[in-house]
Amino acid sequence: MSDVRIAIVYHSGYGHTARQAAAVAAGVGQVPDATALLLNVEEAQTRWADLAAADAIVFGAPTYVAGVSAAFKAFQEASSHLVMTQGFRWKNKIAAGFTNSGFRSGDKLATLVQLALFAAQHGMHWVSLALPPANHSTTGSEADLNRLGFWLGAGAQSNTDQGPDLAPPEADLATARVISAGAWPR
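No experiment lies behind these values; they were computed from the predicted model shown.

Quick word on helix α4 (residues 70-84)
Under the 1.5 Å per step criterion, the end-to-end length of α4 is 20 Å for 15 residues, consistent within 8% with the ideal 21 Å. At Ala-78, α4 is bent by approximately 30°, the largest bend along its length. Where α4 is concerned, the buried positions are Phe-72, Phe-75, Gln-76, Ser-79 and Val-83.

Structure below.
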């Protein structure tokens, strides 16, 4: 198989989602013949050709007020003209997503749905997290993969009084690594 290029496009307001994005990139490193391209949304808007050349794009944004951050939304809107109106350039690419917020639920599902719809509007094929929810019984643990129980993508929770040096917890970062390490066809 030829080299698979996986772009990770994210916004991080306080650094927590950046840690999650780095975990996704580390997961790409675990996939044979895969290469990660880690781009924040500002840089991504100068790298449209690189995104067009990617086989897959993983989208990540913090959940702010029940949706993606304004900076990620600006990236989404910029893509409408530069990707959709110039030949549907992301059609048939693989897509996945992740998000982080200060609360366990924190409306992360709404953000993941917004990311999945964004990918669908570009003709992309969304890949779910492919992990069962965990930490939902007496045998569960805060260290379990997918401890927050999301199906659509990776969700992380960062305590609002902790910086990105401490949050999100390792279980959420390990879950983010699974997006790329376990979901892509080989």
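Continuing now.
Let's talk about the packing of aromatic side chains
If you walk through the whole model with that rule in mind, you get 12 aromatic pairs. Ring centres 6.4 Å apart and planes at 70° place the aromatic pair Tyr-14 and Tyr-64 in the edge-to-face group. In this pair, Tyr-14 is assigned in the loop between β1 (4-10) and α1 (16-28) and Tyr-64 in strand β3 (residues 56-64), connecting sequence segments 50 residues apart. For Tyr-14, a relative accessible area of 65% puts it in the exposed group. With a centroid separation of 5.0 Å and 70° between ring planes, the pair formed by Phe-59 and Phe-118 is classed as edge-to-face. Here Phe-59 is found in strand β3, whereas its partner Phe-118 is found in helix α5 (residues 108-121), with 59 residues between them in sequence.

What to know about α5
Here α5 is 14 residues long and its end C-alpha atoms lie 20 Å apart, about the 20 Å a rise of 1.5 Å per residue gives. Taken as a whole, α5 has its buried residues at Lys-108, Thr-111, Leu-112, Leu-115, Ala-116, Phe-118 and Ala-119. Down the axis of α5, the buried set is contained in an arc of 155°. They therefore lie on one face. Those residues of α5 that are buried lie in contact with β3, β4 (67-68), α4, β5 (94-101), β6 (125-126) and β7 (154-157). One or two positions beyond α5, positive phi appears at Gly-123, with a value near 75°.

Notes on the side chain of Thr-63
Mapping Thr-63 onto the fold places it in strand β3. Within the structure, Thr-63 has its side chain in polar contact with the side chain of Thr-111 (distance 2.8 Å). Residues within four places of Thr-63 in sequence aside, it is in contact with Thr-99, Asn-100, Ser-101, Gly-106, Asp-107, Lys-108 and Thr-111.

Thresholds applied
- Residues numbered from 1 in each chain as written.
- Predicted model: local features only at pLDDT ≥ 70, side-chain atom pairs only at ≥ 80, totals over all residues.
- Heavy atoms only, no water.
- Helix = DSSP H or I, 4+ residues; strand = E, 2+ residues; numbered from the N terminus.
- Expected span 1.5 Å × (residues − 1).
- Bend = angle between axes of the 7 residues up to and from the residue.
- Buried < 20%, exposed > 50% of the residue type's maximum accessible area, 1.4 Å probe, protein only.
- Phe/Tyr/Trp six-rings, centres within 6.5 Å; stacked < 30°, edge-to-face > 60°.
- Arc of directions from axis to C-beta.
- Contact = heavy atoms within 4.5 Å.
- Polar contact = N/O pair within 3.5 Å; in protein donor to acceptor, adjacent residues only side chain to side chain.

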